[in-house]
Amino acid sequence: MERDATELREYQPVIFPGLVQCEAYARGLLSDTVPWFSPEEIDRMVALRMERRKILTKADPPLVSIVVEESVLRRRVSGGGAVLEEQVAHVLVLSDAGRIRFQVLPEDAECHPGGSGPFRLYGFDDKPTISSAEHMEGEQLMGDKMQVQHCATLFGVLQAEALSPRASRELIRKVKEELDGAT
């Protein structure tokens, strides 16, 4: 669905979304979250994740809007601070290049509309928008018009509560500088 979408919107309260993960972060995250996977399975999953990223550089990429919790910027995965530093730098490059619209929901936000967990909206030119919700075993697609509308409304509220894309980039730069100083 990502390859066919003209617009992708994603809220992630815990990790950087798969579409914007660098290789080291994806590997560290998978090592942490699916420890029963063999090294070969992790290699395969990382390769698939890296393949997904190609939609960001195609001639006519989708409009990608992402909102994450501020804690995502500081949450380490296997590999430690160097991996997180690489991941933060990667998102900053994508954001600075205009490949993604990335916003951070600050820790001190007065309203926290994201308590229901991570979700995505997939918009298409030729068919209705679809939403999905993530859970431990994958994601559940939702095509029901009201479910999709609820996700779209919630994403709008999350964007309104989040820092602007410019202020989010400044926060990401600040976190990157902190990580640079720590390694």
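Above this text you will find the structure in question.
Starting afresh in each chain, residues are numbered from 1 along the sequence in its written order. Where local features are concerned, this predicted model is filtered to residues with pLDDT of at least 70; where side-chain atom pairs are given and counted, the filter is 80 or more; whole-chain, interface and lining totals use all residues. Only hydrogens and water are set aside when side-chain values are computed; all heavy atoms of the structure are taken into account.

A.B. asks: Would you take a moment to explain the packing of helix α1 (residues 23-33) against helix α2 (residues 39-52) for this structure?
C.D. replies: Two quantities define a packed helix pair, namely the angle between the axes and the distance from one axis to the other. Running from amino to carboxyl end, α1 crosses α2 at an angle of 135°, the nearest separation of the two axes being 9 Å. For the element pair α1 / α2, the angle class is oblique. Considering how the two elements wind past one another, α1 and α2 form a crossing that is right-handed. Of the residues in α2, those touching α1 at Glu23, Ala26, Arg27, Leu29, Leu30 and Ser31 are Ile42, Asp43, Met45, Val46, Arg49 and Met50. When residues are grouped by polarity, Ala, Val, Leu, Ile, Met, Phe, Trp, Tyr, Cys and Pro land in nonpolar, Asp, Glu, Lys and Arg in charged, and all others, Gly among them, in polar. Broken down by class, the residue content of the contact of α1 with α2 amounts to seven nonpolar, one polar and four charged. Axis definition: a line fitted to C-alpha atoms, over the contacting stretch in the case of helices. Angles run 0 to 180 degrees between N-to-C directions. Numbering of helices and strands runs from the N terminus; a helix is a DSSP stretch of H or I covering at least four residues, while a strand is a stretch of E covering at least two. Angle categories: roughly parallel below 35 degrees, roughly antiparallel above 145, roughly perpendicular from 65 to 115, and oblique for all the rest. Here a crossing is taken to be left-handed if its near helix is turned anticlockwise relative to the far helix by less than a right angle, and right-handed if that turn runs clockwise. In what follows, residue pairs with any heavy atoms lying within 4.5 Å of each other are defined as contacts.

A.B. asks: What am I meant to see in the nonpolar core here?
C.D. replies: One recurring pattern in soluble globular proteins is that nonpolar side chains are buried together. The term nonpolar core refers to a set of buried residues drawn from Ala, Val, Leu, Ile, Met, Phe, Trp, Tyr and Cys, joined through side-chain atoms within 4.5 Å. To sort residues, take the accessible area from a 1.4 Å probe on protein chains only and compare it with the maximum for the residue type: under 20% means buried, over 50% means exposed, and anything in between is partly exposed. In terms of nonpolar packing, the biggest core is built from 32 residues, with Phe16, Tyr25, Leu56, Leu73, Ile100 and Phe102 touching the most fellow members. With six residues, the single largest contributor to this core is helix α3 (residues 81-96). Within the second largest apolar cluster, 12 residues are counted, among which are Leu105, Phe119, Val148 and Ala162.

A.B. asks: Is there a simple way to think about a negative patch on the surface in this case?
C.D. replies: The patches described consist of residues with a relative accessible area above 30% and no salt bridge, like charges being joined within 9 Å and nonpolar side chains (Val, Leu, Ile, Met, Phe, Trp, Tyr) within 5 Å. Only the protein chains shown count as covering a residue, and every accessible area follows the Shrake-Rupley method with a 1.4 Å probe. Salt bridges are defined by distance alone: a side-chain nitrogen of Lys or Arg within 4 Å of a carboxyl oxygen of Asp or Glu. We treat Lys and Arg as the positive residues and Asp and Glu as the negative residues; His and chain ends play no part in the count. To locate a charge, take NZ of a lysine, CZ of an arginine, CG of an aspartate or CD of a glutamate. A grouping of Asp4, Asp60, Asp125 and Asp126 is seen on the molecular surface, where their side chains present a negatively charged patch. Tracing the backbone through its elements, the reader meets Asp126 in the loop between β4 (119-123) and β5 (130-135). We classify Asp126 as exposed; its relative accessible area is 67%.

A.B. asks: Just checking my understanding: could you explain the pattern of salt bridges for this structure?
C.D. replies: Where charged atoms from two side chains of opposite charge come close, those side chains can pair. Summed over all chains, the structure comprises 12 salt bridges. Arg120 is the partner of Glu10 in a salt bridge, and the nearest nitrogen-oxygen pair spans 3.2 Å. In this pair, Glu10 sits in strand β1 (residues 7-12) while Arg120 sits in strand β4, placing the two residues 110 residues apart along the sequence. We note that Glu10, like Arg120, is buried. Taking the shortest distance from any N to any O, the salt bridge between Glu51 and Lys54 comes out at 3.1 Å. Owing to a relative accessible area of 45%, Glu51 belongs among the partly exposed residues under this scheme. Sharing partners across several salt bridges, the network here consists of Asp96, Arg169, Glu170 and Arg173.

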